[in-house]
Amino acid sequence: MLTQEQYGEVRPDGKRTQPALCAITGKPLDSGDVFLHMADSPFTVGVKAAKWNRLSPAMRADVKAELFRRLPKPSEADEAGPPAVSELDTLSFEDLKALAKEEGIETTGLRSAKDYAGAIRANRALRSLADAPLGGAE
Amino acid sequence: MPANISQFASTGLHSIQIGARGATGFFAGFGNLTAADTGDVSGMRRVYGAVTAPSPSEGINRVRNRGEDGYITARVFAAEPQDFDLEFEAADLDVETFLIGGIPYVLGDWDAGLGGSSTRNYQDTVVLLSAESTSMESATRGQSGYENLLIMSSKFVPRPGGFAFQAANSNVYSGTPEKVEVAPWGLTLDAMSERTDGMTYRVFTTNPLTLVCAVADGTTVEWDLPVKPVSAGKTKCFNFTTGLAMTVSAVNTTTDTATNSAAGTSGDILVFLLETTDL
């Protein structure tokens, strides 16, 4: 995994930030160095030119692929919204606690992952009931 | 200040920047990019502590030592006509290995540069010298800018620095320029200046000039520049591969990007010439 300073990300305005440090040597980058972009990735990786210009094109492709492999992946959870009820059993205890906090659930008395998953299920069921249109005759 | 000034006098060396000249004469950045490096960007390396940089043109082979920050030495440096020496007080092992090939040996926390090597792989180099300069035209007399000398093809022999008592060490690279027929951005000199070959181009700019290489990937139109551009008008882009100028429709001086009106074909070498406030 590369550190935050070794890769640049997409900013809110859609532009990439330039990394501050070389992803291979960890040394500070300057304007003569190489900035690698991958069309379908939100990340930029910087490499010291002195390292990069010693590599053959085939080796460059390998290094580039390896560096992009080591980049943090965009969080799937962030993109897809909160986990579905059916996914609760696959989450860790810590994730469940965070999720319960996020959903504003009263956690007093909850001790285990099962307790938290149950509370989240119950909370969502209650919310869906509250959001549902009222039935019956007009 | 007007866009163009053709009468000026320089007052002192400002900066020396270098980058690779690719196999067909294109500017390849300090990263020595090739057509295979699609989507990648590389600029020029500034070599700090510049002291001496004579003109490589015929007949001018002596120059006073005058470096950055007004530093002046009493010596006059002489080089053979056609050759020229770049002298620095700052060492740069990356530049040395760039100029003569090989790799620095990583010795624990340190890079160790090898000297005195008999087998060398000289890098064809594009050098850009900038001097602080003043307009001599009547309408703009006294306004400051930069005189830039682009030396399009040179190969350098590094001469290891001297260690002296009560003096800064020096690092000298002796260069031999060669004539070229195609500018680093792809136009022929004949098309540009009605001369079939030449060594240098000289231009006056309001801010220091630099070059950036980007390798088109077929989709990218907005390129992250490694330095801050000044304006779209002071940022030019050429497609070396097609030999055509491209239109830079916008630059972003906050995010340091330049947007071309079209993306080149994947593998096309794009060369930006721009003024920057980062030097």
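Treat the numbers as computed from the prediction; the structure is a model and nothing was measured. (Residues numbered from 1 in each chain as written. Chains lettered and ligands numbered in written order. Predicted model: local features only at pLDDT ≥ 70, side-chain atom pairs only at ≥ 80, totals over all residues. Heavy atoms only, no water.)

1. Thoughts on the overall build of chain B
Within chain B, the secondary structure is distributed over two helices and 21 strands. The buried share among the 279 residues of chain B stands at 51%. (Helix = DSSP H or I, 4+ residues; strand = E, 2+ residues; numbered from the N terminus. Buried < 20%, exposed > 50% of the residue type's maximum accessible area, 1.4 Å probe, protein only.)

2. Describing the interface of chain B and chain A
Taken together, the contact between chain B and chain A spans 32 residues of the former and 25 residues of the latter. Carbon and sulfur atoms supply 45% of the area that chain B and chain A bury against each other, a total of about 2200 Å² over both sides. Three residues, B:D40, B:D224 and B:T255, lead the burial of chain B against chain A; their summed loss comes to 21% of the area buried on that side. Inspection of the region where chain B meets chain A yields five salt bridges. In this structure, A:D33 engages B:R45 in a salt bridge whose closest nitrogen and oxygen atoms are separated by 3.9 Å. The interface formed by chain B and chain A includes 13 residue pairs in polar contact (both at pLDDT 80 or more). Those elements that provide at least two residues to the side of chain B that touches chain A are β3 (41–42), α1 (93–100) and β16 (222–224) of chain B. (Contact = heavy atoms within 4.5 Å. Buried area = accessible area lost by both parts, 1.4 Å probe. Salt bridge = Lys/Arg side-chain N within 4 Å of Asp/Glu carboxyl O. Polar contact = N/O pair within 3.5 Å; in protein donor to acceptor, adjacent residues only side chain to side chain.)

3. Quick word on the pairing of strand β13 (residues 170–177) of chain B
Residue and element names in this part refer to chain B. With seven of eight residues buried, β13 is to be regarded as a mostly interior element. Both strand β8 (residues 84–88) and β13 contribute to a ladder of five bridges, which runs antiparallel. In the strand pairing of β13, F84 is matched with G175. (Pairing = 2+ DSSP bridges.)

4. A closer look at the packing of aromatic side chains
For the structure shown, the criterion picks out seven aromatic pairs over all chains. Judged by centre distance (5.6 Å) and plane angle (70°), the rings of A:F93 and A:Y116 are edge-to-face. Highlighted residues: A:F93 in helix α4 (residues 93–102) and A:Y116 in helix α5 (residues 113–131), separated in sequence by 23 residues. Chaining the aromatic ring pairs together yields one cluster made of B:W185, B:Y201 and B:F238. The ring of A:F93 is capped by A:K97, whose NZ or CZ atom sits 4.9 Å from the centre of that ring. (Phe/Tyr/Trp six-rings, centres within 6.5 Å; stacked < 30°, edge-to-face > 60°. Lys NZ or Arg CZ within 6 Å of the ring centre and 35° of its normal.)

5. Overview of the sheet that holds strand β1 (residues 7–8) of chain A
Pairing is antiparallel across the open sheet formed by eight strands, whose spatial order is β1(A)-β3(A)-β2(A)-β3(B)-β15(B)-β21(B)-β17(B)-β18(B). The open sheet has two edge strands, β1 of chain A together with β18 (244–246) of chain B, and neither has a second partner. Alignment of β3(B) against strand β15 (residues 209–215) of chain B, held across two bridges, turns out to be antiparallel. Counted as the bridge partner of B:S42 is B:C213 from β15(B).

6. Structural notes on helix α2 (residues 57–69) of chain A
Residue pairs three or four apart in sequence face the same way in an α-helix, which turns once every 3.6 residues. Residue and element names in this part refer to chain A. Compared with an ideal rise of 1.5 Å per residue, which puts 13 residues at 18 Å, α2 spans 18 Å between its outermost C-alpha atoms and is within 8% of the ideal. Listed in full, the buried residues belonging to α2 are R60, K64, L67 and F68. For α2, the angular spread of buried residues about the axis comes to 95°, placing them on one side. Those residues of α2 that are exposed and aimed more than 90 degrees away from the buried face are A58, D62 and R69. Contact partners of the buried residues in α2: β2 (34–37), β3 (44–47) and α1 (49–52). (Expected span 1.5 Å × (residues − 1). Arc of directions from axis to C-beta.)

7. Some details on the sheet that holds strand β19 (residues 248–252) of chain B
Residues and elements named next belong to chain B. If you trace the three strands from one edge of the open sheet to the other, you get β16-β20-β19, paired in antiparallel fashion. For this open sheet the edge positions go to β16 and β19, each flanked by a neighbour on one side alone. Taken over all neighbouring pairs, the strand axes of this sheet differ in orientation by 20° on average, direction set aside. Two elements, β16 and strand β20 (residues 257–260), share three bridges in a ladder whose sense is antiparallel. Counterpart to E222 in the pairing with β20 is T259. (Axes fitted to C-alpha atoms, helices over the stretch in contact; angles between N-to-C directions.)

8. Describing the environment of A:D89
Residues and elements named next belong to chain A. Note on placement: D89 falls in the loop between α3 (76–80) and α4. Spatially, the C-alpha atom of D89 lies 31 Å from that of Q4, the residues being 85 residues apart in sequence. What D89 contacts, discounting residues up to four positions off in sequence, is A117 and R121.

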